Amino acid sequence: PSHVTESITDRKKSRELAEARQSGQVAPAVDVKTGAMINPHNPEFITKRPWYLGEDAGPSLDHQADPTRDQVLLSLQSADALVKEE
């Protein structure tokens, strides 16, 4: 995979940025897909996309969305009716 380990200085910079966001000294992160503000008090493991899900385009919470939310469940009767229509 394309996972790269952060250096100590990079990790320190990101920790300082997170602390500044939590204290309100720096503007909070913005979701790259929706443009919504990401709560600076959310832990990093929630807001950061895992490396095994692919490339990280920036801060986003879309990887936390429920992929089954938009699915429509059919009953057996309605599924049978759809098959009979075809």
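Quick look at the structure, then. (Residues numbered from 1 in each chain as written. Predicted model: local features only at pLDDT ≥ 70, side-chain atom pairs only at ≥ 80, totals over all residues. Heavy atoms only, no water.)

This brings us to the overall build of the chain. Secondary structure summary: the chain contains three helices and zero strands in total. With 86 residues in all, the chain has 8% of them scored as buried. Nonlocal contacts in the chain, meaning residues at least 24 apart in sequence, comprise 29% of its contacts between residues at least 6 apart. A total of about 7500 Å² of accessible surface is found on the chain, and carbon and sulfur atoms cover 56% of it. (Helix = DSSP H or I, 4+ residues; strand = E, 2+ residues; numbered from the N terminus. Buried < 20%, exposed > 50% of the residue type's maximum accessible area, 1.4 Å probe, protein only. Contact = heavy atoms within 4.5 Å. Areas by Shrake-Rupley, 256 points an atom, 1.4 Å probe, with all protein chains shown as cover.)

Structurally, E44 can be placed in helix α2 (residues 44-47). Under the relative-accessibility criterion, E44 is labelled partly exposed at 41%. Sequence separation of E44 and A18 is 26 residues, and the distance between their C-alpha atoms is 8.9 Å.

So, on to a nonpolar patch on the surface. There is a patch of nonpolar side chains on the surface, built from W51, Y52 and L53 and spanning about 370 Å² of accessible area. Following the sequence through the fold, L53 ends up in the loop between α2 and α3 (76-85). The class of L53 is partly exposed, set by a relative accessible area of 41%. (Patch = residues over 30% accessible without salt bridge, like charges linked within 9 Å, V, L, I, M, F, W, Y side chains within 5 Å. Salt bridge = Lys/Arg side-chain N within 4 Å of Asp/Glu carboxyl O.)

Relative to the helices and strands, W51 resides in the loop between α2 and α3. Residue W51 is classed as partly exposed on the basis of its relative accessible area, which comes to 46%.

Before going further, it helps to examine the pattern of salt bridges. Within the structure shown, the criterion is met by one salt bridge. Across the pair R11 and E6 runs a salt bridge, and its minimum N-O distance is 3.9 Å. In this structure E6 comes out as partly exposed when scored by relative accessible area, which is 39%.

Of note, D31 is situated in the loop between α1 (8-23) and α2. Look at D31 and you get buried, because its relative accessible area is 8%. Contact partners of D31, with chain neighbours within four places excluded, come to A36, I38, P59, S60 and L61.

Okay, α1 next. Between its first and last C-alpha atoms α1 spans 23 Å; for 16 residues at 1.5 Å apiece the expected length is 22 Å, and the two agree. In the stretch just after α1, G24 is the one whose phi turns positive, near 90 degrees. (Expected span 1.5 Å × (residues − 1).)

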